[in-house]
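Observations on chain architecture
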Amino acid sequence: MATEILCVWIGAFITLCCFSFLYKDNPFYRFAESLFVGVSAGYYLSVVYFHQVLKPNLLAKLFPTFFNVGEAAKVAPDYWLIIPGFLGCLMLLRFSQKLAWVSRFTVAFVMGVSTGLTIVTSAQQYLIPQIAKAIKPIFIYGDIGQSISNTVLVVGSIACLFYFFFSTEHRGPVYGNLAKIGIWFLMISFGASFGATVMGRISLLIGRFAFLLHDWLHII
Amino acid sequence: MDIFLKLKNLDRRWVYVFVALSVILPMVFKFELPIYPGKAVMGVYNTIDTLPEGSRVFLSFDFDPAAESELGPGATAIFVHMFRRNIKPIVGCNWPVGNEIAEKCLTEAKKIHLDTYDSYLNNNKLVKNCIREPKNGTDYVILGYKPGGIIHVKNLCTDFMGPYPQDKDGTPTVNMPIFKTASGNRFSMNDIALIISYTAGTNGIESFISVEGDHKRPMAAGCTSVNIPRFTTYLQTGQLVGMIGGLPGAAEYEKLVDHKGEGRAGMAPQSIAHLIIMIFIILGNLAFIAENRKVSKSKLKKE
């Protein structure tokens, strides 16, 4: 219980330190900022990268008797993992000026796999479904609402694509006007994004105030 | 017009004070606004509501404490709904700290389920085999964080036991009842009825959408407000069956499961704060117009 109270007080103090930046930059804010960076780095290095990534995925499978207990310790080592382990070790050579180039083999491997996966999945799951759903009848008999919605979708898609077509100058009755309509659609979408961002930031503020007023001050 | 010009030079800290008050006052005075569940949230609710009893749903906690106040309440409400429908959540994480948040939400959901169990049972609102106190390994499991994003999800399409030989507490998963299959085959995405990812950025629902061709499972997303415009495109294409967007989405889901949580409590401050921001945006624009007029008038006088 005492630990819980202490944690709440520390949390409240750090929250107020962060809020104090809204007034002006001050040592309390800088203390909270430095503390956050330090704790995050320590947490990620120890808890995440070693205990959640390196140990279960590499060390415990290569040296089960050292890093596992019980039945898991009796499992045969998986020697295939020497290859990714070796590639991972090559990345550490970036600290050496002379041998830094060797780490490029690992980077090349990761880039190759990522690019191969992304190109295929982007086309299959993002590009084609979006194009397919943009092909719609602009007039549906007896359903004016859906007709307007489809028209907006089709005109908006075409106009925005025209805006990003840079091989021809955005002038003239066709290119010029369509590009202008495209700008309008883009502005509306940026407005929606801005509104969603404001909503998100206010939600975070509500979370912090709920913590201060409920967990710390017990007002609500 | 002078008042608008004065407003233009208003110290920004006054804006902060107004926004802070617009959040604090509705919270203190418990001001409530009506909530109406939208089509996107209903999509998730209806999908879960129509799943057969005992179905297993994969929930991926792909966020960290920075997004907890937005995504946590929605995740808790979904857990409550699943326990009432005897649907078994299997929790994974593409983000390292998702583990701890998943455990927190699960603990809270179990408490809500236990507190409301009797009243729901008496009103015949629970499914036939609904379990009063869900057990780890049988009715739910938290598998923990795995790096890799798309590659990790691709692995899960063929086998869960390979990437997850143990759950997050080190218990071997191979003998867990939750992973038993009728055919006796290895547990894979084929045995999952629905995938839900709570996404705050990269490596979230898009990792699952990327390998949709491999797993062919229905998907839903819980996302931060910032991501709503981006993910709406996946709703429109039918790649997502539904979406819980930000704190308002969580409030709508809480309304559907009849729980007054942080989502519903946050809707009044959210709306009032939006109103204050809108007023400041309008005033700012009026000040901008007033200044432009003043400049053009002074130019005309000089000429």
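Since we're looking at a predicted model, the values are computed, not measured.

Points about the overall build of chain B
- Looking only at helices and strands, one finds 12 helices and 6 strands in chain B.
- In terms of its C-alpha atoms, chain B occupies a principal-axis envelope of roughly 90 × 45 × 35 Å.
- The proportion of buried residues among the 303 residues of chain B is 43%.
- In chain B, the share of contacts with a sequence separation of at least 24, taken over all contacts with a separation of at least 6, comes to 77%.

Focus on the interface of chain B and chain A
- With 36 residues of chain B at the contact, the number on the chain A side is 32 residues.
- For the side of chain B that touches chain A, the elements supplying multiple residues, two or more each, are α2 (12-28), α4 (68-84), α7 (205-210), α8 (212-215), α9 (228-236), α10 (246-256) and α12 (267-302) of chain B.
- Per-element tally for the side of chain B that touches chain A: the top contributor is α2(B), with 6 residues.
- The residue inventory of the side of chain B that touches chain A, partitioned by class, reads 19 nonpolar, 13 polar and 4 charged.

A look at the domain arrangement of chain B
- When its domains are assigned, chain B resolves into domain 1 (2-26 + 271-302) and domain 2 (33-263).
- With centres defined by C-alpha atoms, the gap from domain 1 of chain B to domain 2 of chain B works out at 43 Å.

Points about the domain arrangement of chain A
Residue and element names in this part refer to chain A.
- What the domain assignment lists for chain A is domain 1 (1-77) and domain 2 (136-220).
- Each of domain 1 and domain 2 has a C-alpha centre, and the two are 38 Å apart.
- The interface of domain 1 with domain 2 comprises 4 residues on the first partner and 5 residues on the second.
- Classifying every residue of the side of domain 1 that touches domain 2 gives 2 nonpolar, 2 polar and no charged.

Topic: the pairing of strand β5 (residues 219-223) of chain B
Residues and elements named next belong to chain B.
- The buried fraction of β5 amounts to 5 of the 5 residues, a majority that puts the element mostly inside the structure.
- Side chains of β5 alternate between two faces, with M219, A221 and C223 and A220 and G222 buried alike.
- Of the strand pairs in this sheet, strand β4 (residues 194-199) and β5 are connected by 5 bridges, and their pairing is parallel. Residue pairing for β5: Y198 is matched across the bridge by G222.
- Following the chain from β5 across α9 to the adjacent parallel strand β6 (residues 242-245), one finds a crossover that is right-handed.

Overview of the environment of A:K180
All names here are of chain A.
- Among the secondary structure elements, K180 is positioned in helix α7 (residues 172-216).
- The exposure class assigned to K180 is partly exposed, which follows from the 13 C-beta atoms found within 10 Å.
- A sequence separation of 20 residues divides K180 from C160, and the C-alpha atoms of the two residues are 9.0 Å apart.

Examining the sheet that holds strand β3 (residues 141-145) of chain B
All names here are of chain B.
- With parallel pairing, 6 strands are arranged side by side in an open sheet as β3-β2-β1-β4-β5-β6. Each edge of the sheet is formed by a strand with only one pairing partner; in this case those strands are β3 and β6. Ignoring strand direction, the axes of neighbouring strands in this sheet form an average angle of 15°.
- Across 5 bridges, the pairing between strand β1 (residues 56-62) and strand β2 (residues 88-93) is parallel. When the sheet's bridge partners are listed, R56 is paired in β2 with K88.
- Along the sheet, helix α5 (residues 98-122) makes contact with β1, β2 and β3, crossing β3 at roughly 160°.
- Of the strands in this sheet, β5 and β6 are in contact with α10, which crosses β6 at around 115°.

So, the nonpolar core
Residues and elements named next belong to chain B.
- F61 and F79 are the most contacted members of the largest nonpolar core, which has 81 residues in total.
- When residues of this core are assigned to their parent elements, the largest contribution, 8 residues, is made by α4.
- Not counting residues up to four positions away in its chain, the partners in contact with F79 are P89, C105, L106 and A109.

A short note on the confidence of the model for chain B
- Of the residues in chain B, 100% reach a pLDDT of 70 or more, and the chain-wide mean stands at 93.
- Scored as a complex, the prediction yields pTM 0.91 and ipTM 0.90.

Some words on unusual backbone geometry
- Of note, B:N124 is a non-glycine position whose phi angle comes to about 55°, a positive value.
- As for its placement among the helices and strands, B:N124 is situated in the loop between α5 and β3.

Some thoughts on the packing of helix α1 (residues 2-19) of chain A against α7(A)
Residue and element names in this part refer to chain A.
- Where α1 contacts α7, the axes come no closer than 10 Å and their chain directions differ by 140°. On the basis of the axis angle, α1 is oblique to α7. Judged by the sense of rotation from one axis to the other, the crossing of α1 with α7 is left-handed. For the pair α1 and α7, contact is made by V8, G11, A12 and T15 and by R208, F211, L212, D215 and W216, respectively.
- Here the contact of α1 with α7 is composed, by residue class, of 5 nonpolar, 2 polar and 2 charged.

The rules behind these values
Residues numbered from 1 in each chain as written. Chains lettered and ligands numbered in written order. Predicted model: local features only at pLDDT ≥ 70, side-chain atom pairs only at ≥ 80, totals over all residues. Helix = DSSP H or I, 4+ residues; strand = E, 2+ residues; numbered from the N terminus. Buried ≥ 20, exposed ≤ 12 C-beta atoms within 10 Å, placed from the backbone. Contact = placed C-beta atoms within 7 Å. Nonpolar A, V, L, I, M, F, W, Y, C, P; charged D, E, K, R; others polar. Domains from an automatic or database assignment. Pairing = 2+ DSSP bridges. Right-handed = clockwise from strand over helix to strand, strands pointing away. Axes fitted to C-alpha atoms, helices over the stretch in contact; angles between N-to-C directions. Core = buried A, V, L, I, M, F, W, Y, C linked by C-beta atoms within 7 Å. pLDDT = per-residue confidence, 0-100. Parallel < 35°, antiparallel > 145°, perpendicular 65-115°, else oblique. Left-handed = near helix turned anticlockwise from the far one by under 90°.

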